[in-house]
Amino acid sequence: MKQRSLGRPGAPTTRQVSAIGLGGMPLSIEGRPDTDRALATIHAALEAGVTLIDTADAYHRDADEVGHNEELIARALREFGGSTDDVVVATKGGHLRPGDGSWTQNGDPAYLKEAAKASARRLGVEAIGLYQFHRPDPNVPYAESVGALAELLDEGVIVRAGISNADVAQIEEADTVLGGRLVSVQNQFSPAFRSSQGELEHCAARGISFLPWSPLGGISNAAELGSRHAVFAEVAEAHGVSPQQVTLAWELALAEQVLPIPGSSRPASILDSLAAADLELTADEVARLSEGARS
């Protein structure tokens, strides 16, 4: 598995991780697979060299199972036959699922600090590899929410701090609050969702890792990616691979700071996605795909 940096050049916490990670969300929300298949999916990713796994305390289905995905990933790591010393588990806090299908926010600093400690307990770690503020809370000043992450860093509860669903101004504000220690930004980005292009480019210029969530267009749309975006299907046919592989290879080609985290609920699908790390696209293909994703 090819590697990329998680973190900014020269920072003491920057480390190499797999160029493509695993997004854990589909394993725990509505439509999730049974536990055996979920564990098999995570183990297939680990066997293939994945060392970045993304989760959140809000990745669950029912109100009484907060942290379902964190606990599932922790179990998969414990039961994996090989070494997991190099695996970074990135989790998030500040987004909640009351159990009625809705999503809410809580950016209260005291809540975020307790949520991070609860996540560490579920993951079975002394310090979380990457902790991200999941989504801005309109009722709490952004700097106060991010300030909780600064305190978590200083207290050693987390090793790295990131933010999610942020615009350029929030990226800059977060980095200021964190004293230049912002490691990553996780925003939605795919051929069907290009509105985070500016944030991707801003992160690339600043040396901040950019983790596209739903990089294949989302759970319900990933299978139709080729039919929705003809140029991705055309390039895929030319290379003899899937449109999903082409999509992830295109995202990797946009900047060295990009670390896609495709979700998966089957071993076969995550293995197909991971093969994108070895797919070499020409500059002309990248340009065609970028233009095709705008249409």
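From a predicted model like this one, the values you see are computed outputs, not experimental measurements. (Residues numbered from 1 in each chain as written. Predicted model: local features only at pLDDT ≥ 70, side-chain atom pairs only at ≥ 80, totals over all residues. Heavy atoms only, no water.)

What follows is about the environment of Ala268. Residue position: Ala268 is located in helix α10 (residues 267-274). Put simply, Ala268 and Ala44 are 224 residues apart on the chain and 8.3 Å apart in space, counted from C-alpha to C-alpha. (Helix = DSSP H or I, 4+ residues; strand = E, 2+ residues; numbered from the N terminus.)

Moving on, we come to the side chain of Gln245. Secondary-structure assignment places Gln245 in helix α9 (residues 243-254). For Gln245, a relative accessible area of 9% gives the class buried. Residue contacts for Gln245: discarding those within four places in its chain leaves Asp272, Ala275, Ala276 and Leu279. (Buried < 20%, exposed > 50% of the residue type's maximum accessible area, 1.4 Å probe, protein only. Contact = heavy atoms within 4.5 Å.)

The set of residues buried in helix α8 (residues 230-239) consists of Val231, Phe232, Val235 and Ala236. Viewed along the axis of α8, the buried residues span an arc of 140°, placing them on a single side of the element. Turned more than 90 degrees away from the buried face of α8 sit Glu237 and Ala238, all of them exposed. Lining the buried residues of α8 we find α7 (225-228), α9 and α11 (283-294). Immediately downstream of α8, the backbone of Gly240 shows phi near 70°, a positive value. (Arc of directions from axis to C-beta.)

For the rest of this paragraph, the subject is the pairing of strand β8 (residues 130-133). What you see with β8 is no split at all: Leu130 and Gln132 on one side and Tyr131 and Phe133 on the other are buried throughout. Two elements, strand β5 (residues 88-93) and β8, share four bridges in a ladder whose sense is parallel. Residue pairing across strands places Thr91 opposite Tyr131, the latter belonging to β8. With three bridges joining them, β8 and strand β9 (residues 161-164) adopt parallel strand pairing. In the strand pairing of β9, Tyr131 is matched with Ala161. (Pairing = 2+ DSSP bridges.)

Within the secondary structure, Ser28 sits in the loop between β3 (22-23) and α1 (35-47). Its relative accessible area of 0% is what places Ser28 among the buried residues. A distance of 2.9 Å separates the side chain of Ser28 from the side chain of Asn69, its partner in a polar contact. When residues no more than four places from it in sequence are discounted, the contact partners of Ser28 are Tyr59, His60, Arg61, Glu65, His68, Asn69 and Leu72. (Polar contact = N/O pair within 3.5 Å; in protein donor to acceptor, adjacent residues only side chain to side chain.)

What follows covers the packing of aromatic side chains. Counted by the stated rule, this structure contains four aromatic pairs. Measuring from ring centre to ring centre gives 6.4 Å for Phe189 and Phe210, while their planes differ by 85°; the resulting arrangement is edge-to-face. With a gap of 21 residues between them, Phe189 in the loop between β10 (182-188) and α6 (197-206) and Phe210 in strand β11 (residues 209-213) connect regions that are remote in the sequence. Here the aromatic rings of Phe189 and Trp250 are separated by 5.7 Å at their centres, their planes lie at 25°, and the arrangement is stacked. In this pair, Phe189 is assigned in the loop between β10 and α6 and Trp250 in helix α9, connecting sequence segments 61 residues apart. Comparing Phe189 with Trp250, the two get one shared label, buried. (Phe/Tyr/Trp six-rings, centres within 6.5 Å; stacked < 30°, edge-to-face > 60°.)

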